[in-house]
Amino acid sequence: MSGRRSRSRQSSGTTRISEDQINDLVIKLQQLLPELRDSHRSDKVSAARVLQDTCNYIRNLHREVDDLSERLSELLANSDTAQAALIRSLLTQ
């Protein structure tokens, strides 16, 4: 039995993931990343780059959420109560 196949079998009750499954997941991640999504199929991108770009993308999304939350808090604090109530009601829908 090849090394790949034996690694993909269950060991000590733990499910192992095969190299093919990892490659499929890396491709799916690549399709989710705006910077890499549009790269041509002939442009081979390493799994390490996909993972690094994924981490960077998630960090950027976190920063955007934090910035938007801060801006929203400022907007609500500076709005009159009727506007703030309207904004809150729209956010809870």
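Because the structure is predicted, anything quoted here is derived from the model rather than measured.

Caption draft 1: Layout of a negative patch on the surface. Together, Glu64, Asp66, Asp67, Glu70 and Glu74 make up a negatively charged patch on the protein surface. Here Asp67 is to be found in helix α4 (residues 47-78).

Caption draft 2: Here's a closer look at the pattern of salt bridges. Applying the stated rule across the entire model yields 1 salt bridge. Between Asp53 and Arg49 there is a salt bridge, with its nearest N and O atoms 3.2 Å apart. Here Arg49 and Asp53 lie together in helix α4, a separation of 4 residues that amounts to about one turn.

Caption draft 3: Summary view of α4. The first and last C-alpha atoms of α4 sit 46 Å apart over 32 residues, in line with the 46 Å expected at 1.5 Å per residue. In the core, the buried residues of α4 are packed alongside α2 (19-32), α3 (34-37) and α5 (81-91).

Caption draft 4: A look at the nonpolar core. Among the nonpolar cores identified, the biggest contains 5 residues, and these are Val26, Leu33, Leu36, Val45 and Val50. Val26 has contacts with Ala47 and Val50, leaving out every residue within four places of it along the chain.

Caption draft 5: Main features of a nonpolar patch on the surface. Residues Ile17, Ile22 and Leu25 make up a contiguous nonpolar surface patch of about 250 Å² in total accessible area. Judged by its relative accessible area of 45%, Leu25 falls in the partly exposed class.

Caption draft 6: Layout of the packing of α4 against α5. Remark: α4 packs on α5, axes separated minimally by 8 Å, with the N-to-C direction vectors making an angle of 145°. Seen from α4, the contacting residues are Leu72, Leu75 and Leu76; seen from α5, they are Ala84, Ile87, Arg88 and Leu91. Its residues assigned to classes, the contact of α4 with α5 comprises 6 nonpolar, no polar and 1 charged.

Caption draft 7: A look at the confidence of the model for the chain. Averaged over all residues, the pLDDT of the chain is 83; the fraction at 70 or higher stands at 82%. Per-element confidence in the chain is highest for α2, whose mean pLDDT is 94, and lowest for helix α1 (residues 3-8), whose mean pLDDT is 49. Overall, residues 5-10 carries pLDDT values under 50, and its contacts beyond four positions in sequence, including any with other chains, amount to 8 contacts.

Caption draft 8: Quick peek at the packing of α2 against α4. At a minimum axis distance of 10 Å, the contact between α2 and α4 shows a crossing angle of 45°. One way to sum up the angle between α2 and α4 is to call them oblique. As α2 packs across α4, the resulting crossing turns out to be left-handed. Residue-level inspection shows Val26, Leu29, Gln30 and Leu32 of α2 in contact with α4, the latter providing Ala47, Val50, Leu51, Thr54 and Tyr57.

What counts, and where the lines are drawn
- Residues numbered from 1 in each chain as written.
- Predicted model: local features only at pLDDT ≥ 70, side-chain atom pairs only at ≥ 80, totals over all residues.
- Heavy atoms only, no water.
- Patch = residues over 30% accessible without salt bridge, like charges linked within 9 Å, V, L, I, M, F, W, Y side chains within 5 Å.
- Areas by Shrake-Rupley, 256 points an atom, 1.4 Å probe, with all protein chains shown as cover.
- Salt bridge = Lys/Arg side-chain N within 4 Å of Asp/Glu carboxyl O.
- Lys, Arg positive; Asp, Glu negative; His and termini not counted.
- Charge placed at Lys NZ, Arg CZ, Asp CG, Glu CD.
- Helix = DSSP H or I, 4+ residues; strand = E, 2+ residues; numbered from the N terminus.
- Expected span 1.5 Å × (residues − 1).
- Contact = heavy atoms within 4.5 Å.
- Core = buried A, V, L, I, M, F, W, Y, C linked by side-chain atoms within 4.5 Å.
- Buried < 20%, exposed > 50% of the residue type's maximum accessible area, 1.4 Å probe, protein only.
- Axes fitted to C-alpha atoms, helices over the stretch in contact; angles between N-to-C directions.
- Nonpolar A, V, L, I, M, F, W, Y, C, P; charged D, E, K, R; others polar.
- pLDDT = per-residue confidence, 0-100.
- Parallel < 35°, antiparallel > 145°, perpendicular 65-115°, else oblique.
- Left-handed = near helix turned anticlockwise from the far one by under 90°.

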